[in-house]
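Each chain is listed here by its residues.
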Amino acid sequence: MRFLYHPDQKDMTLAGVLYALGDPVRLEIVRQLAVTGEQCCAGFDFAIAKSTMSNHFKILRESGVVLTRKEGTQHINTLRRNDLEVLFPGLLDAVLRSAHPMEITTATDREPAIASSN
């Protein structure tokens, strides 16, 4: 089983957290986790490559924004709200207040390619 790195609270930095929150897709992931609570990676049905989504989760995890645990074949993500609040009081709430739901095309919204019969 592959080890998932999570920084200790003392190793989390403001620069790392702001970098993680600075991407629209990662910000939407955090916004959804704040609204729904924990969620598995597969629950985020964005129309981007699986490898790109994995990289977004890795950045969020390694900056200390989310905690990821494995349950069977699932990766369950939880927002590290308490750690963020202790280190950077009010930051997450301020960011989430200003973050509007992002219009992200989901995989089911994509239309299949239609071959031209000319």
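Throughout what follows, the structure given in this document is the object of discussion. (Residues numbered from 1 in each chain as written. Predicted model: local features only at pLDDT ≥ 70, side-chain atom pairs only at ≥ 80, totals over all residues. Heavy atoms only, no water.)

### A few points about the overall build of the protein chain
Thought 1: Counting its regular elements, the protein chain contains five helices and three strands.
Thought 2: Helices and strands appear in the protein chain in the N-to-C order α-α-β-α-β-β-α-α.
Thought 3: Within the span of the protein chain, comprising 118 residues, buried residues form 34% of the whole.
Thought 4: If you take every contact in the protein chain between residues at least 6 apart in sequence, the share linking residues at least 24 apart comes to 69%.
Thought 5: Accessible surface, the protein chain: about 7600 Å² in total, of which carbon and sulfur atoms supply 55%. (Helix = DSSP H or I, 4+ residues; strand = E, 2+ residues; numbered from the N terminus. Buried < 20%, exposed > 50% of the residue type's maximum accessible area, 1.4 Å probe, protein only. Contact = heavy atoms within 4.5 Å. Areas by Shrake-Rupley, 256 points an atom, 1.4 Å probe, with all protein chains shown as cover.)

### Description of the sheet that holds strand β3 (residues 74–79)
Backbone hydrogen bonds hold the strands of a sheet together, and the pairing may be parallel or antiparallel.
Thought 1: An order of β1-β3-β2 is seen for the three strands of this open sheet, with the pairing classed as antiparallel. Where the open sheet ends on each side, the last strands, each with one partner, are β1 (39–40) and β2 (66–71).
Thought 2: In this sheet, β3 lies alongside β2 in antiparallel orientation, the contact comprising six bridges. Looking at the pairing, Thr68 lines up with Asn77 of β3.
Thought 3: Its contacts with the sheet place helix α2 (residues 24–36) against β1, β2 and β3, and it is angled at close to 80° to β3. (Pairing = 2+ DSSP bridges. Axes fitted to C-alpha atoms, helices over the stretch in contact; angles between N-to-C directions.)

### Overview of the packing of aromatic side chains
Thought 1: Taken as a whole and judged by the stated rule, the model has two aromatic pairs.
Thought 2: Ring geometry for Phe44 against Phe46: centres 6.1 Å apart, planes inclined by 70°, an arrangement best described as edge-to-face. You'll find Phe44 and Phe46 in the same group, each marked buried.
Thought 3: Joined through ring pairs, the aromatic side chains of Phe44, Phe46 and Phe57 make up one cluster.
Thought 4: For Arg26, the ring lying beneath its charged end belongs to Tyr19, and the centroid distance is 5.1 Å. (Phe/Tyr/Trp six-rings, centres within 6.5 Å; stacked < 30°, edge-to-face > 60°. Lys NZ or Arg CZ within 6 Å of the ring centre and 35° of its normal.)

### Quick look at the environment of His56
Thought 1: Its place among the elements puts His56 in helix α3 (residues 50–63).
Thought 2: Given the relative accessible area of 8%, His56 is considered buried.
Thought 3: Sequence separation between His56 and Ala20 is 36 residues, and the spatial gap between their C-alpha atoms is 8.2 Å.
Thought 4: Not counting residues within four places of it along the chain, the set of residues in contact with His56 comprises Asp23, Val25, Arg26, Ile29 and Ile48.

On their own, these measurements won't tell you what the molecule is for.
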